[in-house]
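# Observations on the three-dimensional arrangement
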Amino acid sequence: MSDSKTATAPASGNGIPVGSWQAHIANLFGTRHGALGAGILIVLVIVATAAPLIAPYNPLEQTQLSLAPPSSQFLFGTDNIGRDVFSLVVYGSRSSLLVGLGAALAALLIGGTLGILAGYFQGPVEAALMRLVELFQTLPVIILVLCAVALFGSNFWLLIAAVALAIWPMEARLVYGQYIKLRDREFIAAARVADLSTAHIMFREILPNAIQPIIVQVALDASIAILIEAGLGFLGLSDPSKVSWGRLLFVAQDYMDSAWWMSLFPGAAICITVVGLNLFADGLNEVIDPRSTSGMGGLQ
Amino acid sequence: MSAPIMRMTRVEQLYISRNANGPGWNTVRAVDGVDLDVNEGETLAIVGESGSGKSTLAKLLLMLNRPTAGDVQFRGTSLVSLGASGRQAFRRQVQAVFQDPASSLNPRMTVERMLGYIVQRHELATPRETRAFLAGHLAAVGLTPPDHYLDRYPHQLSGGQQQRIAIARAMMLRPAIIIADEPLSSLDVSVQAQVLQLMRDLHRATNVGFVVISHDLGAMESIADRTAVMYRGRIVEIGRSIYERPFHPYTKLLLDARLSLDPRRGRIRSLSATQVRAEMPEPMSGGCRFRHRCPLAIEICATADPALRPVGQAGTFAACHRADEVGASPRPAGAAAVERTPRPVET
Amino acid sequence: MSASLLLDVNDLKVHLRLGHKVVKAIDGVDFQVRPGECVGIVGESGSGKSTMARAVTRLMPNVNIEELSGRLAFEGRDILGMADSELRALRRGRGFSMIFQDPLGYLNPTQRIGRQIQEALSRDAGRGSDKARVHTLLDEVGLPDAANLARRYPHELSGGMRQRVMIAIALASDPQLLFADEPTTALDATVQLQVLQTLYRLHKERNMAMAIITHDLGVVAELCDRVYVMRAGKVIESAETVTLFEQPQHDYSRRLIELSTRRLTRELQS
Amino acid sequence: MDTAKRNDAWTMHRLGVISLFAGASSLLLSAGAQADDGKPVPGGTVIAALNSTTIPNLNTQMTSSVPALFAADVWADGLMTYDREANRVPRLAKSWTISEDGKTYTFNLREGVKWSDGKPFSAADVVFTLENFGKFNTYLTKLMPLVEKASAPDDKTFLLTLKQPLTATLDLFDKEVFPLMPKHIYEGKDIATHPANIAPVGLGPFKFDKWVSGQSITFVRNPHYWEAPKPYLDSVIFALIPNPQQRLNAIVNGEVNWFRPEVVQVPATQQAAKRGSFRVVPIVTNAPETAVIDFNLRRSPMNNVKVRQALFHAIDRQRIVRDVYQGLAETAKNAIPTQFKNLHDTSVNYDTMYAYDPKRAAQLLDEAGFPLKDGKRFALELAVISAAPYDAVAQVVQAQWTALGIDVKLSALDQQIWTNKVYTQHDFDASIISLTGRSNPVLGVDRSFVCNETSVPYANPTSYCNPEFDKVAANAASAPADQQKAHYKTYAEIIARDLNQLALTNSRVFEAVTNNFKNLDAQFNFSFNTHPNWAEAWLPKDKQ
Amino acid sequence: MLRFVGRRALYAIPLLLAIIILMFSMLHMIPGDPVQALVGDYPVPPAYRQVIEEKYRLNDPFLVQVGNYLLNVAQGDFGFSYQNQRGVLDLILERAPRTILLASVSFALAIPLGMAIGIAAGTTRRPGVDKFWTTTALIAYAIPTFWLGQLLVMLFALRLGWFPTQGIGPLISRTHGIAWLFEKLRYLALPVLAFGIHEGMRIARIMRASVIDTLSQGYIITARSKGLSRGQIIRSHVLRNSSLPLVTIAGYAFGSALGGAVLLETVFTWPGLGLLLVDSIRLRDNMTVVGVVIFSAVAVVAMNLIVDLLYAALDPRIRTMR
């Protein structure tokens, strides 16, 4: 008896291996919230990139009407100095998405590198790095960011860096956890036995296997970064040269009662983006670990 | 007999893990003073129950762990003092096959990529010839047509096919010895036979030696030249004929625990009235570590830890104060051992 | 005949959805257990034997089930159509129980052993206090020092002891039928022997029917009166154990038995 | 004492309940209360909302932080003050005389006045205050070098002799600029760190009671107050609320009785006031509150006067008035604010000199050598405090300058960092701030234009240093009152020419107060940044 | 266990040291003039400046400042807040209970709320119920807390007048007993709601995932095979095991509640540590900033310790580990 007969190759029909990216993306759109989340994000990305085409006004342009309520001319009304809120929200998607993704990716870069190093090397390196992570986790996020922004002023890129600084320990822990989990797997031992280099093992063997939960975390981090950015904007610490939703909310504070449209639309935009990122992450998670949704069946 | 290819001298392996959530450290002495020679071209089986330290032994032989104490030598050179080139040579000579083939193959790589990296690393073939080289090796482990397998991901293969890939990966380097850690335990019976057959065939074809770690005495009996029995970090018996004539009571217990495959002679049915109790595991203390479960334990067993000593025919060693008595008694048929065990203790 | 059957399964089908595909995990299986008998179900991984046990005991996760059909009768009562409350009553007393391969995973890590057994006790009045009944059960499955053990947590016990605890839980409801899904696969050989022995003793003492799912023909040979051989979701052969071992009808059965009994020696020496 | 406090509590509780649940009925009640006999009755409490973020020190000899000034009106008093028409009104000085040469000032003090701790007040306290706190008092920087001698020939006479005349001298003894400090408390102690700075003893209608960190500062009736039977209220509680919007919310919801809305908030406050329980009081003569742009003349092209003029032409100040100040400001006319009626000369008028004219601005820039290149002329950094109204002003200015082809980078900063950047590091091109002018150009106007070599904060950061102008300013300060206007015309002309600072707007000031208090007219009878001291106001019994 | 606590405390010392040095260096680098901040918007007379600088030793070299600070901290002196004219420790001890009150009441709301929603969503058999709760939780989680706080103020305080708009309590009050408590609760209600909803929804999401994970465990199947009812299974097998991951997360969340408090305390003028911190950073009141950071770090360390102990109480696998 040849064992090819008993092979139960679970290849999907079109020849795409089940674990591959193409399959994951296909599956992501198969899950309802994954599709919804991805849809929201795609729309946001389109809005951000095509902002000049979508926004009826230049975001800095002052129209003749200040504090005008929503109308056909100004979909979301105008703000206190006569700028079109719709255009501001559209342009604001640029900085908010940039802060979200930029900070999350920067956090991944810092946290990921340290996490990989800590995870792969054992002993003193591991201990020292994890202590560093702990140090940053012990400091409340907002204090770090406040200090950093107070230190260097509200520069947009600094803000990204500061938010990244605040969230990287989460990434570091996750990456570290993934590496810990994987470094004892047999294929890593196999790679070592084959005398493949440390770098090869770290980046070729472990990384592709660790990346999926990390991607999920990046999406979640991006949503956290956007919320932090909004909070900083609310404290008046965001870059005034850049239109951002947090900053719009900050300005809108004084008009909450009189001009609700100034805060409602940027606030809703933040909300939708955060929801989108979380749905996307949930969907991705579901694809990676299908068990995470099949729970209800457990109790009949 | 030629000089041993690998030699372990008084090797100890201590695992210390910091208790992640609670106070204190946990210390486990997985391997506790093992002397072992592995000869060129032989098939050495290491058997024992879970927790006996046999997998740690495999890691030590593969230089995946650094021993806490003692020395592991490869062709007379201590692994600790191996230089870069020495290490590469060692890696080429000593290869591994792991327990769970699904986990020992990187799930994110096609077979070709996975093996290709190793070909590159050791310059086994030029990039242009790599595929042909790999195809040859897959064919050698019975995966035909090889091209069918090279482009697949591990999860697209059956367990037996995966294990063949793992063996091909080890064989590619033309090693002198392959350390196989429970190569059968996650395979179905029918596939086990094929893999065992493949190992035997490879041995014949290339004179590659095997160190096979297993809990399955039956399978080991069929391929092993020598068998070492481990118990709680120690080798308690080693020899060529332990299956026929065990000298250690533990070996005997293991042999007796094998289930009968003759429904007319099932032992359990005849024993059904006996109440067999479980007991809480005993802490490790001085003396013979098997004495709590040993039907033959006497006073000396509680004080003196027996060392491996030659018993019976040449090349057989056992670590028991009463080895000779055990070896002298005829091999019990089935149930007798269980009956005579007043308090079999589980570990 | 059917009146004397404890469990009567006819044309059981379980189709599972895996991604976009439907897998016929069980594809028309007939299966019977008489009161007090021990039945073995053997097959290799993927043959559907565990799925069948889950389906019959209605312990399937219900999310990925594409189709679940057939006639399942326990003492003549239809299991599939049973209401939840009825099913619970059946599990609580004189019905069926199940034990699993990995006792650690199937015991609640944060609950004391005694409590876990107590939960499963049948609600018959007049059988002594719960505590006493738990201690009796622990004693019955061969666990020493029941009072002490009842206060322990699963992680404090060895694998064999955990499996005995699982058995105690299964026995707590006084079942007429015990499903054992690979009860000793995760255990060391010496322990396996003891646990099987205990199971067999209980089977005899309580006159409790058993259905043992295993890939190990040794277990079947040691314990079972009758055997079903499964492959790819179908029963390909069913016979008295002795008959199967001595005169297997199906090629696959024959090969399984050969490989197991001869311990591969013939092939290897050829 | 205890019972008195209980009464307060009861009052405020009732008050809260009334405005909380029955806005309409409270309107009725207050309408009814108008009908009572109008005779003040004692009792009751007022809760006034203050911005807490900058009150490190209650002693306003040493700080000019606005919340501290609000509080000081309650506990401190001075020699004189102003009524709503900006006339000087005696306080602790019954009268004063100025010598012919303008060098000697004689103040006749009130008799029988006691400090809030019961110790008698005398001229020695005034001398002590000038001699010991003068060096800490930022308003007195012009005066102190001119002081020849301060003396108390008797308990009731304070004599000040100057080396040379300073016409603004009397304005420097306004109760807000120069609150009197008790000699018996401070004498012989380290003044800068004295505990009385946060638990003050003064001459005001109320005395300090307690300070709950981050929550409130309580003042209770001063039994020794010289204007007995005032005050009528039992206590004044300052609720510390840093956020302006929350101060508004709090008065709307009846949690506080008074607050001073930011100008941008005034329309919203007026809107909310229509619902009935409070009203918005415009201050008739407020201190000038001028939003300005300072240019850093150390840098090109800001050092080019044509560029500065062009940038002025490019700003639509009406737009700032309308959008940022909601119409509650006027465009600034020249360097001397219009509030100084006797000093402001209407012939220098930015509205006509620098009317909004983008074309003219472009032309000036072309002339200055900054033609449009690829749509850009040059880049500049506009530094601003990240708070209303500055950020909104900055955004309008940014939009308008950008339209001219200037690449404006906005730096919105925390106040501390902005101060450092602008006044210490001089690392900016242009900066926006609003400056308070108080009662005389010497106090708060001069600082923007006279040479500031020592980089004093909130004074001329532009490096503009014109000896000709400095001389004009000095002459203007010392000129007799009737000749000052001519000097200040020259003053304004030079600045209108040199434009180291662009004056954008001059905004009005409003306060909001709940309706249930009586005698609020007298309460708000003041000018120039002096605030209600609650000595006049009272609550009818039924509201207490 | 006592030894364990002691060791953890000891082990926190280098962490705190690192935090102090880090904070000092950061604050040292921030531009700004503490003396100016103290005086206000007007020029600081040189005489005053000198007095202040001498008093607070602002001109000492950086390392001397750090060294002195460490020495003083070792003696229990956390420095002097020149913005508040009182000892930092004194100030923190006055402010901290307010933040702790806010955080603990919020968590007292968030934990049961989040767990209930998580369990309801995780164990329901009707996909609609799960969908409803997960969607609700996600959307509520996505609303920035400060904005939610503002919306709550607009709705419940300004429009409906049910609650005060800001503050931690009435400035004058003559209520006692139950009425007093009720009055206190009115002030707590909105900030707690804003904080509690956000944290609660976070907990709900974690709880749901954890419940689902628990439900896939073997012992749930065992429980089903015992014939236990849904309620019994949830009570005795799901609840405790699903709470384990929550404990870890709730611990960190509570410890770092100060971060969230910064925004909420700003919105509600809740004069706790968050507000103090923001003010202190803005006013360059460095001693206070460092003090608050140390306090919050200690709080996080302490919280994590409590979490560890709680974890051990909940999970016998850890408790009995030798």
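Thresholds applied
Residue indices begin from 1 for each chain and proceed along its sequence in written order. Just so you know, chain letters begin at A and ligand numbers begin at 1, following the order they were written in. Where totals are concerned, whole chains, interfaces and linings use all residues; where local detail is concerned, this predicted model gives features only for residues with pLDDT of at least 70, and gives and counts side-chain atom pairs only at 80 or more. Processing note: side-chain calculations cover all non-hydrogen atoms of the structure and skip hydrogens and water entirely. The way it works is that DSSP assigns letters per residue, a run of H or I at least four long becomes a helix, a run of E at least two long becomes a strand, and they are numbered from the N terminus. For a compact globule the rule gives 2.2 Å times the number of residues to the power 0.38, and the radius of gyration it is set against comes from C-alpha atoms. Categorising residues by exposure relies on relative accessible area from a 1.4 Å probe, with only protein chains included: less than 20% of the type maximum marks a residue as buried, more than 50% marks it as exposed, and the intermediate range marks it as partly exposed. What makes two residues a contact is simply this: any of their non-hydrogen atoms within 4.5 Å. Neither His nor the chain ends contribute to the count of charged residues, in which Lys and Arg are positive and Asp and Glu negative. The location of each charge is read from NZ of Lys, CZ of Arg, CG of Asp or CD of Glu. The Shrake-Rupley method, run with a 1.4 Å probe, gives the accessible areas here. Residue values count only the displayed protein chains as cover. Disulfides are defined as pairs of cysteine sulfur atoms found within 2.5 Å of each other. Domain borders in the structure are assigned automatically or taken from a domain database. When a carboxyl oxygen of Asp or Glu is within 4 Å of a side-chain nitrogen of Lys or Arg, the pair counts as a salt bridge. In the analysis that follows, any N or O atom pair within 3.5 Å is treated as a polar contact, provided that within protein one partner can donate a hydrogen and the other can accept it, and provided that, for residues neighboring in sequence, both atoms belong to side chains. As a working rule, the residues Ala, Val, Leu, Ile, Met, Phe, Trp, Tyr, Cys and Pro are called nonpolar, Asp, Glu, Lys and Arg charged, and the rest polar, with Gly in that last group. We place a 1 Å grid over just the protein atoms. Points where a 1.4 Å probe fits but has no way out form a cavity, open points with protein on both sides within 12 Å along at least 5 of 7 lines form a pocket, and any residue with an atom within 4 Å of a point lines it. Grid points are joined across faces, edges and corners, and a volume is the space filled by probe spheres set on the points. We define a nonpolar core as any set of buried Ala, Val, Leu, Ile, Met, Phe, Trp, Tyr and Cys residues linked to one another through side-chain atoms lying within 4.5 Å. Ring pairs are drawn from Phe, Tyr and Trp, using the six-membered ring of Trp, whenever the two centres fall within 6.5 Å, and their geometry is named by plane angle: stacked under 30 degrees, edge-to-face over 60, tilted for the rest. In this scheme, Lys NZ or Arg CZ marks a charge over a ring once it lies within 6 Å of the ring centre and within 35 degrees of the ring normal. For helices, the axis comes from a line fit to the C-alpha atoms of the stretch in contact; other axes are also lines fit to C-alpha atoms, and the angle between any two N-to-C directions lies between 0 and 180 degrees. For any pair of crossing helices, the crossing counts as left-handed if the nearer helix is rotated counterclockwise from the farther one by less than a right angle, and right-handed if it is rotated clockwise. Paired strands, as defined in this entry, are two strands with at least two bridges between them according to DSSP. Confidence scores labelled pLDDT are given residue by residue by the predictor and lie between 0 and 100. A crossover counts as right-handed when, viewed with the strands pointing away from the observer, the path leading from the first strand over the helix to the second turns clockwise. Once two parts are put together, the accessible area they lose, assessed with a 1.4 Å probe and summed over both, is termed the buried area.

## A word on the overall build of chain C
Looking only at helices and strands, chain C has 11 helices and 10 strands in total. Against the globule reference of 18 Å for 270 residues, chain C gives a C-alpha radius of gyration of 19 Å, in line with a compact fold. Residue burial in chain C is summarised as follows: out of 270 residues, 59% are buried. Pairs at least 24 apart in sequence give 67% of the contacts found in chain C among residues at least 6 apart. Positive and negative side-chain charges in chain C, numbering 35 and 34 respectively, have mean positions lying 4 Å apart.

## Section: the overall build of chain E
Scanning chain E for helices and strands turns up 14 helices and 2 strands. Considering only C-alpha atoms, chain E reaches an extent of 85 × 60 × 40 Å along its principal axes. The 322 residues of chain E split such that 58% are buried. Considering only contacts within chain E whose residues lie at least 6 apart along the sequence, 73% involve residues at least 24 apart. Carbon together with sulfur atoms contributes 68% to the accessible area of chain E, which is approximately 12300 Å² in total. For chain E, the centre of its 29 positive side-chain charges and the centre of its 17 negative side-chain charges are spaced 18 Å apart.

## Quick word on the arrangement of the chains
Spatially, chain B is disjoint from chain D: no contact exists, and the shortest C-alpha separation is 39 Å. Separated in space, chain C and chain D share no contact, their closest pair of C-alpha atoms being 46 Å apart.

## Some details on helix H3 (residues 66–75) of chain D
The α-helix winds at 3.6 residues per turn, so residues separated by three or four positions along the chain end up facing the same way. Residues and elements named next belong to chain D. Most of H3 sits out of view: 9 of its 10 residues are buried. What H3 keeps buried is the set Pro-67, Ala-68, Leu-69, Phe-70, Ala-71, Ala-72, Asp-73, Val-74 and Trp-75. Taken together, the buried residues of H3 touch strand E1 (45–50), strand E8 (206–212), strand E9 (216–221), strand E10 (235–240) and strand E11 (258–259).

## Quick word on the state of the cysteines
Across all of its chains, the model carries 1 disulfide over all chains by this definition. Linked covalently through their sulfurs, Cys451(D) and Cys465(D) form a disulfide whose S-S length is 1.5 Å. Here the S-S torsion is close to -90 degrees, and the disulfide linking Cys451(D) with Cys465(D) is therefore left-handed. With Cys451(D) in the loop between strand E17 (430–436) and helix H14 (467–478) and Cys465(D) in the loop between E17 and H14, the pair connects residues that are 14 residues apart, well separated along the chain. The class for Cys451(D) is partly exposed, based on a relative accessible area of 24%. On the basis of relative accessible area, Cys465(D) is assigned to the partly exposed category, the value being 41%. Here Cys288(B) is not cross-linked by a disulfide; its sulfur's nearest cysteine counterpart is in Cys301(B), at 5.6 Å. Using a relative accessible area of 10% as the deciding quantity, one classes Cys288(B) as buried. Residue Cys38(C) stays outside any disulfide, its sulfur separated by 3.8 Å from that of Cys224(C), the closest cysteine.

## Quick notes on the side chain of Asn197(D)
If you trace the backbone, Asn197(D) turns up in the loop between helix H5 (183–186) and E8. Apart from the residues within four sequence positions on either side, Asn197(D) is in contact with Asn57(D), Leu58(D), Asn59(D), Met62(D), Tyr186(D), Ile191(D) and Ala192(D).

## A closer look at the domain arrangement of chain E
Residue and element names in this part refer to chain E. Domain boundaries assigned for chain E yield domain 1 (2–77) and domain 2 (91–282 + 298–321). On a C-alpha basis, the centroid separation for the pair domain 1 and domain 2 is 34 Å. Each partner contributes residues to the interface: domain 1 has 6 residues there, and domain 2 has 6 residues. Where domain 1 packs against domain 2, one counts 0 salt bridges. Counting the contacts that link domain 1 with domain 2 gives 0 residue pairs in polar contact (both at pLDDT 80 or more). A class-by-class count of the residues in the side of domain 1 that touches domain 2 yields 5 nonpolar, no polar and 1 charged.

## Some words on empty space enclosed by the protein
Residues and elements named next belong to chain D. Taken as a whole, the second largest cavity holds about 210 Å³ of empty space. As for the second largest cavity, its lining consists of 26 residues, of which Thr-290, Asn-334, Ala-335, Pro-337 and Ala-503 are closest to the centre. Every element with two or more residues in the lining of the second largest cavity is listed here: strand E13 (289–295), strand E14 (329–331), E17 and strand E18 (501–507). Broken down by element, the residue count for the lining of the second largest cavity peaks at 4 residues, all from E18.

## Details of the nonpolar core
If you look at the biggest cluster of nonpolar residues, it comprises 404 residues, and the most contacted ones within it are Phe219(D), Trp401(D) and Trp534(D). Counting residues per element, this core draws most heavily on helix H5 (residues 85–120) of chain A, at 15 residues.

## A word on the packing of aromatic side chains
Applying the stated criterion across every chain yields a total of 47 aromatic pairs over all chains. Consider the rings of Phe156(E) and Phe163(E), whose centres lie 6.3 Å apart with planes at 70 degrees: the pair is edge-to-face. Ring-pair connections join several aromatic residues into one group, and the members of that group are Phe76(A), Phe86(A), Trp260(A), Trp261(A) and Phe265(A). Positioned over the ring face of Phe156(A) is Lys242(A), at 5.1 Å from the centre of the ring. The ring of Tyr141(E) carries the charged tip of Arg205(E) above its face, separated from the ring centre by 5.9 Å.

## A closer look at the packing of helix H5 (residues 88–123) of chain E against helix H6 (residues 127–142) of chain E
Each packed pair of helices is defined by two parameters, the angle between the axes and the distance between the axes. Residue and element names in this part refer to chain E. Contact geometry for H5 and H6: axes closest at 7 Å, N-to-C directions at 145 degrees. Relative to H6, the crossing made by H5 is left-handed. Contact residues: Ile-117, Ala-120 and Ala-121 in H5; Val-129, Asp-130 and Trp-133 in H6. The class makeup of the residues in the contact of H5 with H6 is 5 nonpolar, no polar and 1 charged.

## Some remarks on the sheet that holds strand E2 (residues 21–33) of chain C
All names here are of chain C. Sheet architecture is open: 4 strands sit in the order E2-E1-E4-E5, paired in antiparallel fashion. In this open sheet, the two edge strands, each paired with only one partner strand, are E2 and strand E5 (77–78). With 10 bridges connecting them, strand E1 (residues 7–18) and E2 associate as antiparallel partners. Bridging across to E2, Lys-13 finds its partner in Asp-27. The sheet strands contacting helix H1 (residues 49–56) are E1, E2 and strand E4 (65–74), and the helix crosses E1 at an angle near 115 degrees.

## Quick notes on the confidence of the model for chain E
All names here are of chain E. In this model, chain E carries a mean pLDDT of 83, and residues with pLDDT of at least 70 account for 93%. For chain E, helix H14 (residues 316–319) is the element with the lowest average pLDDT, namely 70, and H5 is the one with the highest, namely 90. This complex was scored by the predictor with a pTM of 0.82 and an ipTM of 0.80.

## Concerning the pairing of strand E8 (residues 209–214) of chain C
Residues and elements named next belong to chain C. Taking burial as the measure, the 6 residues of E8 include 6 buried ones, the bulk of the element. Residues of E8 alternate between two faces, with Ala-209, Ala-211 and Ile-213 on one and Met-210, Ile-212 and Thr-214 on the opposite face, all of them buried. Relative to E8, strand E3 (residues 38–42) is paired through 5 bridges, and the arrangement is parallel. Along E8, the bridge assignment pairs Gly-40 with Ile-212. Two strands pair when backbone bridges link them, and strand E7 (residues 177–181) and E8 are joined in this way by 5 bridges, in the parallel orientation. In the sheet register, Ala-180 faces E8, and the bridge partner there is Ile-212. With helix H7 (residues 189–205) bridging E7 and its parallel neighbour E8, the resulting β-α-β unit is right-handed.

## A few points about the interface of chain A and chain E
The partner chain E presents 57 residues to the 49 residues of chain A that form the contact. For the chain A and chain E pair, buried surface summed over both sides reaches about 4700 Å², with 73% attributable to carbon and sulfur atoms. For the pair chain A and chain E, the interface holds 1 salt bridge. Linking Asp282(A) and Arg205(E) is a salt bridge whose minimum nitrogen-to-oxygen distance equals 3.4 Å. For the pair chain A and chain E, the number of links is 2 residue pairs in polar contact (both at pLDDT 80 or more).

## Quick notes on the environment of Asp366(D)
All names here are of chain D. Checked against the element boundaries, Asp-366 lands in helix H11 (residues 358–367). Take Asp-366: its relative accessible area is 40%, and that puts it in the partly exposed class. Spatially, the C-alpha atoms of Asp-366 and Lys-135 are 49 Å apart, while their sequence positions differ by 231 residues. Among residues more than four places away in sequence, those in contact with Asp-366 are Pro-371, Leu-372 and Arg-377.

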